[in-house]
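# Residue-level structure breakdown
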Amino acid sequence: MSVPSTSVFHYSADERQSDFLPQSIRTERTYVKNLQELVDIYVRPSAIPVNSLGNVTASSKETVVPQSERKIVFGGLDALFTFHKESFFPALEAAAAPLLSPQGAAKDADSDGRLSTEVAMEVGRTFVAHAAFMKMYSSYIKYVSGFLCHIVSFVAHHQSLLTIFALHQQFRKLGSQD
């Protein structure tokens, strides 16, 4: 009886190692893109003044999601996005560039392994240089289950406001198509 492989991918150790850095860069790029979407779709629209949604009697300070609620639910997301987009990801790309460039990716460019070693050291230094900023995640992770419970509660209590917000977003899309 044969034992099934535990790996879906049948790459050699060298192939897995050579794909590690490009995969890490692609993953970070995707993460920055997803954070951008999260900020654009949820965080920024939640701060839209209610009176801009057609409710002229509302206070100019009222927003779709009150500031106190936004802080609980989205606290730190803008900072995480800014950190990754403007600091960490550019530094990571710069550290990896010598190996990922067309010249560095050529089979004979790293035949002695020096380039890989230099790039690995530079990538490591990038993580060390940004380690203090990574602490932002500890508070985010610590409170994430509370965020989720708070979102469920907020949605249950503010369904009509969220419906108006959704309609506003649809009208904005229609208006931008003209």
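Small disclaimer: the values here were computed from a predicted structure and weren't measured.

Moving on, we come to the overall build of the chain. Counting secondary structure elements, the chain contains eight helices and zero strands. Secondary structure of the chain in N-to-C order comes out as α-α-α-α-α-α-α-α. Split into buried and exposed, the 178 residues of the chain put 26% on the buried side. Only carbon and sulfur atoms are counted for the fraction: they give 62% of the accessible area of the chain, which is about 12500 Å².

Let us look at the packing of aromatic side chains. Evaluation of the coordinates by the stated rule reveals three aromatic pairs. Geometrically, the ring pair formed by Phe83 and Phe133 is stacked, given 5.4 Å between the ring centres and 25° between the ring planes. Of this pair, Phe83 sits in helix H3 (residues 77-100) while Phe133 sits in helix H6 (residues 131-134); the two residues are 50 residues apart in sequence, bridging distant segments of the chain. You can call Phe83 buried: its relative accessible area is 6%. A relative accessible area of 44% means that Phe133 is categorised as partly exposed. Look at Phe88 and Phe127: their rings are 5.0 Å apart centre to centre, the planes differ by 75°, and that puts the pair in the edge-to-face class. Of this pair, Phe88 sits in helix H3 while Phe127 is found in helix H5 (residues 114-129), placing the two residues 39 residues apart along the sequence. Judged by its relative accessible area of 42%, Phe127 is partly exposed.

Let's shift gears to H5. For H5, built from 16 residues, the straight-helix expectation of 22 Å at 1.5 Å per residue is met to within 8% by its first-to-last C-alpha distance of 22 Å. For H5, the full list of buried residues reads Leu115, Val119, Val123 and Thr126. Buried residues of H5, seen end-on, are gathered within an arc of 65° and therefore sit on one face of the element. Exposed and facing more than 90 degrees away from the buried side of H5 are Arg114, Glu118 and Val128.

Between its terminal C-alpha atoms H3 stretches only 30 Å, short of the 34 Å expected from 24 residues at 1.5 Å a residue. Taking the largest bend as the criterion, H3 deviates by roughly 45°, centred on His84. Listed as buried for H3 are Leu77, Leu80, Phe81, Phe83, His84, Phe88, Phe89, Leu92, Ala95, Ala96 and Leu99.

Moving on: the side chain of Thr63. With respect to the helices and strands, the residue Thr63 is situated in the loop between helix H1 (13-46) and helix H2 (67-74). Looking at Thr63, its side chain comes within polar contact range of the main-chain oxygen of Val65, at 2.6 Å. At a separation of 2.7 Å, a polar atom in the side chain of Thr63 contacts the side chain of Arg70. Setting aside residues up to four positions removed in sequence, Thr63 forms contacts with Ser46, Ala47, Ile48, Pro49, Val50 and Arg70.

So, about the nonpolar core. Membership of the largest hydrophobic core comes to 22 residues, with the highest contact counts inside it found for Leu21, Leu77, Val119 and Val123. Counting only elements with at least two residues in this core, the list comes to H1, H2, H3 and H5. Broken down by element, this core gets its largest block of residues, 10 residues, from H3. Once residues lying within four places of it in the same chain are set aside, the contact partners of Leu77 are Leu35, Leu38, Val39, Val43 and Tyr140.

Parameters and conventions
- Residues numbered from 1 in each chain as written.
- Predicted model: local features only at pLDDT ≥ 70, side-chain atom pairs only at ≥ 80, totals over all residues.
- Heavy atoms only, no water.
- Helix = DSSP H or I, 4+ residues; strand = E, 2+ residues; numbered from the N terminus.
- Buried < 20%, exposed > 50% of the residue type's maximum accessible area, 1.4 Å probe, protein only.
- Areas by Shrake-Rupley, 256 points an atom, 1.4 Å probe, with all protein chains shown as cover.
- Phe/Tyr/Trp six-rings, centres within 6.5 Å; stacked < 30°, edge-to-face > 60°.
- Expected span 1.5 Å × (residues − 1).
- Arc of directions from axis to C-beta.
- Bend = angle between axes of the 7 residues up to and from the residue.
- Polar contact = N/O pair within 3.5 Å; in protein donor to acceptor, adjacent residues only side chain to side chain.
- Contact = heavy atoms within 4.5 Å.
- Core = buried A, V, L, I, M, F, W, Y, C linked by side-chain atoms within 4.5 Å.

So yeah, pure geometry; function would need other evidence.
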